[in-house]
Amino acid sequence: GFSTTLQEPNGLVKSSIEEIVANPQYGDAKTSSAFAAAQGVKLAPGESMTLTSVYGQAENVEDLPKIAKAVTKKNFITKKFERARSMMNELTSKVETHTANKLFDGTIKQNYLDNSLRGGMPVILGELDDEARSSNADEDSRLKVYHVFSRIHGDLERDYNDFNIDPTYFSQGPGNYRDVAQNRRNDVVFSPRIGSFVVKQFLSFIQADGYEPLTVQAFSYQIENHNEASRVASLISSEKSAPTVIAVLSGGIFRPGQLFALFDQLDVELVVSKQRAIDEIMAISTESPMALYGSGYWADHWEYYLDLIEAYTSIYPDGEESLMYDTELRYFFSTATVKPRSQKYVEDYTFDGKSKHILQLDATVFDNDKVAEQEAFRNVTTGLIANEANWQRTGGPATGRAFTSPAITKLFLLGTMKFAMRDAYGMGVEYEGGRPGWNDAMNGLAGMVGSGMPETFELSELLKYVLSVVKKFQRPLVVPTELATMVDTVNDALDELLASGYEDSEELSHDVPKELFKYWDTVASAREDYRNEVQYYFTGNTVEISAEDAIDMLTKWFDQVQLGVARAIKIGSKGIDDDGTSGIPPSYFSYNITEWKRTNQKNAKGLPLVNANAMSVGVFPLFLEAPTRYMKLIVDDQDKMVDMYDKVLTSGLRDDKLDMYFLSADLTGQSYDMGRMMAFAAGWLENQSIWMHMSYKYYLQLIRGKLYDQFYTEMKGGGMLPFMDPKVYGRSLMECSSFIASSAFLDPSVVGRGFLARLSGSTAEFLSIWRLMFIGPNPYVMNEDGDVEMQLIPALPMWLFEDKESGAEGKRDEDGNLVVSYKLFASIMVTYHNTLGTDLFDVEPTSYIVTMTDGSTVEVEGSKIPTETAVQIRKLIGVETIDAYF
């Protein structure tokens, strides 16, 4: 009979290739499959031949003969392979770097490529003339930024992650929110002409309730002016095709690749190049960010905004005020609503059935009324829901306008919501939206009425930033009336808490003090009332908060957050060989509701709903995320940074065998309630493994805090690529992994090996590290006259100029000075001349020579490049190279 194991090629054994091909081929009711084979070939010793298989997808089966004819032409595959190689070199040349370590140089290119495959690579469309080509996307409304290549992880090692990439020009697929937000962090550094595009995109996704959607989609475009559509159609297409093009351009929202697919289907005849056609079309289009709610509200999506803003202001410090106060942004409208506590605090039996406890379950609800609101925007002709349905409005169903606020207001709203989401002890930010933060393997923590300190550390930074902006520009905050009402309640509750005279005792009880519980209950109720008010609409009314009042309020809030941080460190962590006195901040807390009262209502599963009357806090072992994010708070204090580094180095977070850092300390004995990580063996996946992304986040904080000796010791000691042992790592030293099996894993043959996809967030951290190493934190600064100037302050060790230890000779200039070079802004080659012959840690250049494309030069004495030349460099106008002398 037929072998069903599919392990034996019976047909090939019984018949020749010629006989098999001659037989009838039937494809019905079979899973598509194919083999490549050759017949009648004899190979002499040392000879070889290559068999090439081509796999793909076609819209119609009738297209297959044409495709087959094309791909079987002589040298077709060879040329495509060569083109793929050259394309990779073209794409990665944007971060071309030349040091004494060639493997390190290659690692930079690989990380840039992989970062682009997850976050996308921005291209600028609409460049019709010299004015457009010399402007950024903020200065010329014709310019549109579009990211290509982006997808959800999107490689074969993550077959559990379904990803989609349209088979069109300008191809892009949807991505997970936190992934895209992190991987686009440095876009403006590599492509300064995109301006504030990424910042505005993500701040637009902030919802009225303080959350964000799950999936980021490609931007959509629309041409609203029919006359402009007609004008462009006549410019780019033949007289015969113009009416068809007009219909397509006026037919609703589109994406660039979809247009060309339609043009092909409709046999549109273009009279200009495809590039010129898309530039003409995009120049008259309006753009709109797109996203999908997905499932649940993740606690960390907002934590990446400051990284985006910091990257933007490092290139455009002169654009900060306009971005914050003069940029109106909409509010995303998701189809889910966060339940109030009274509808998600559920009474249930403990796992042993001997007692009862309170869980937070089904924290969000799919809101059918919101769905109905969106349905009102469905086009009866096309059956599609208009993009306007994705933005929260004023007024009633399908009426009013999309409500907008300045960017600074949206950040203030976000800070207000997170400040009002702090837990009952005022320490962590509650996971009350049903999902945890970055460490999504802690997916049970929301059910444990849990909270996270990583979010608190980010809240501290957010409040500090908003406070700094208000202080700097002394402009009022214009906020929705509904938010202003909530703010008043929060401030009244805080005044009452301060008036109560409550102070933390030397030894903190795990029982939440009554004064803190009362404050928490009042503020949480205010948060719920506010969300109820803006569940569907804003009134459209606003209130102005003066700069003076905002500064006073934000200062008080910031101080309260610092009290919570100190309280958390005092409460501490608890685990194997950890008594909570390490001084390392804990990452997570759970809350046991010790007293409660039933509401006389039940949830969908028939379990009683309750209101909390008292709580006690539960603790966990250490996780690397907390000290990593905490370092942002102390980054300017060298002594505190060194102290925290030393504490982590000697803690249960250090894998001494691998000289790396565990994602978590030993989790032995922890409750399975905390999340899926407890289902994994120690050292595997999120259970005490080396999670490369978080390790790289930690290393990034070291170089941000100017702990150069510690940072480079960790890097060259094998903590970072490409300095790991290739025999142990088990894959390319230029290619990141999701995790590395740690020494906690029982099988020693696996310890130190990298697993799963290279397309991780590690690449974003690596590029941020590269940026600080080569460019410095703030390449553009404002001078005393309010004009922008440029400065390059690297953090490069001597061994990247010349590594005597490994015998790697460096490159020298004509005067014999060691040099390194790299591409700035993806196009300008910068060379550092190390006349000092030492590490260049925070050393300012003494002079520059800027060479233009016409051969002329600008010589600069001093550490800063003056305004006119600095702006030319930023605009990428006629600048060939920069030589900096130290």
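How each quantity is defined
- Residues numbered from 1 in each chain as written.
- Predicted model: local features only at pLDDT ≥ 70, side-chain atom pairs only at ≥ 80, totals over all residues.
- Heavy atoms only, no water.
- Axes fitted to C-alpha atoms, helices over the stretch in contact; angles between N-to-C directions.
- Helix = DSSP H or I, 4+ residues; strand = E, 2+ residues; numbered from the N terminus.
- Parallel < 35°, antiparallel > 145°, perpendicular 65-115°, else oblique.
- Left-handed = near helix turned anticlockwise from the far one by under 90°.
- Contact = heavy atoms within 4.5 Å.
- Nonpolar A, V, L, I, M, F, W, Y, C, P; charged D, E, K, R; others polar.
- Expected span 1.5 Å × (residues − 1).
- Salt bridge = Lys/Arg side-chain N within 4 Å of Asp/Glu carboxyl O.
- Buried < 20%, exposed > 50% of the residue type's maximum accessible area, 1.4 Å probe, protein only.
- Patch = residues over 30% accessible without salt bridge, like charges linked within 9 Å, V, L, I, M, F, W, Y side chains within 5 Å.
- Areas by Shrake-Rupley, 256 points an atom, 1.4 Å probe, with all protein chains shown as cover.
- Pairing = 2+ DSSP bridges.
- Phe/Tyr/Trp six-rings, centres within 6.5 Å; stacked < 30°, edge-to-face > 60°.
- Lys NZ or Arg CZ within 6 Å of the ring centre and 35° of its normal.
- Core = buried A, V, L, I, M, F, W, Y, C linked by side-chain atoms within 4.5 Å.

(A) Structural detail: the packing of helix α12 (residues 256–265) against helix α13 (residues 274–283). Viewed as axis vectors pointing N to C, α12 and α13 meet at an angle of 120°, and their least axial separation amounts to 11 Å. Considering their axes alone, α12 and α13 lie oblique with respect to each other. Every pair of crossing elements has a handedness; the one defined by α12 and α13 is right-handed. Of the residues in α13, those in contact with P256, L259, F260 and F263 of α12 are K274, I278, I281 and M282. Taken together, the residues of the contact of α12 with α13 break down into seven nonpolar, no polar and one charged.

(B) Region of the structure containing the side chain of T313. In this fold, T313 is placed in helix α14 (residues 305–315). Apart from residues lying up to four places away in sequence, T313 is in contact with E320 and Y780.

(C) The arrangement of the packing of helix α10 (residues 226–236) against helix α11 (residues 242–249) in detail. Two numbers describe how α10 lies on α11: the axes approach to 9 Å, and their chain directions differ by 140°. One element, α10, and the other, α11, form an angle in the oblique class. Note on packing geometry: the crossing formed by α10 with α11 is right-handed. Taken together, the residues of α11 that come into contact with α10 (itself represented by H226, A229, S230, V232, A233 and I236) are A242, V245, I246 and L249.

(D) Looking closely at helix α21 (residues 547–571). Its 25 residues place the ends of α21 36 Å apart at the C-alpha level, agreeing with the 36 Å of an ideal helix rising 1.5 Å per residue. Immediately downstream of α21, the backbone of G572 shows phi near 75°, a positive value.

(E) Molecular detail of the pattern of salt bridges. Under the counting rule described, the total for this entry stands at 49 salt bridges. For R629, the salt bridge is made with E458, and the minimal N-O distance between the two is 2.8 Å. Of the two residues, R629 is situated in helix α22 (residues 625–630) and E458 in helix α18 (residues 453–473); the sequence distance between them amounts to 171 residues. An identical accessibility class is assigned to R629 and E458; each is buried. Among the ionic contacts, a cluster of salt bridges with common partners joins R178, D300, D440, R676 and E686.

(F) Here's a closer look at the environment of E805. Turning to its location among the elements, E805 is positioned in the loop between β28 (795–796) and β29 (811–812). Spatially, the C-alpha atom of E805 lies 35 Å from that of Y780, the residues being 25 residues apart in sequence.

(G) Representation of a nonpolar patch on the surface within the structure. A cluster of nonpolar side chains, V41, L43, M49 and L51, forms an exposed patch at the surface whose accessible area comes to about 360 Å². Structurally, the position occupied by V41 is in the loop between α2 (17–22) and α3 (64–71). Its relative accessible area of 43% is what places V41 among the partly exposed residues.

(H) View of helix α19 (residues 481–499). Taking 1.5 Å of rise per residue, the 19 residues of α19 would be expected to cover 27 Å, and the 27 Å separating its terminal C-alpha atoms lies within 8% of that figure. Within α19 the residues assigned to the buried category are E482, L483, A484, M486, V487, V490, N491, A493, L494 and L497. Looking at the buried side of α19, the elements it contacts are α17 (407–419), β16 (477–480), α20 (514–533), β17 (537–538), β18 (542–545) and α21. Downstream of α19 by a residue or two, G501 has a phi angle that is positive, lying close to 80°.

(I) Looking closely at the sheet that holds strand β4 (residues 175–176). As summarised here, the arrangement of the three strands in space is β4-β5-β6, forming an open sheet in which the pairing is antiparallel. Edge positions in the sheet fall to β4 and β6 (286–292), since each of these pairs with one other strand and no more. Examined bridge by bridge, strand β5 (residues 215–222) and β6 share six bridges and lie antiparallel to one another. For Q222, the partnering residue across the bridge sits in β6 and is T286.

(J) Highlighting the packing of aromatic side chains. In this structure the tally under the stated criterion is 48 aromatic pairs. Aromatic side chains Y221 and F254 sit 6.4 Å apart centroid to centroid with 35° between the ring planes, which places their arrangement in the tilted category. Placement of Y221 in strand β5 and of F254 in the loop between α11 and α12 is noted, with a sequence separation of 33 residues between them. For Y221, a relative accessible area of 1% corresponds to the buried category. In this structure F254 comes out as buried when scored by relative accessible area, which is 5%. The interplanar angle of 55° and the centroid separation of 6.3 Å between the aromatic rings of Y698 and Y699 together place this pair among those described as tilted. Assigned by exposure class, Y698 and Y699 land together as buried. These aromatic residues form a ring-pair network of at least three members: F104, Y661, Y696, Y698, Y699, Y708, F711, Y712, F723, F766, W799 and F841. The lysine or arginine in question, R178, covers the ring of W298, its NZ or CZ lying 5.1 Å from the ring centre. The ring of Y211 carries the charged tip of K418 above its face, separated from the ring centre by 4.5 Å.

(K) Spatial organisation of the nonpolar core. Residues M615, M773 and I873 are the most contacted members of the largest nonpolar core, which totals 234 residues. Here this core gets eleven residues from one element, more than from any other, and that element is α18. Sequence-distant contacts of I873, defined by excluding residues within four places in its chain, comprise Y780, M790, L824, F825, I828, V850, I865, V879 and I882.

Function cannot be inferred from these measures alone, as they are strictly geometric.
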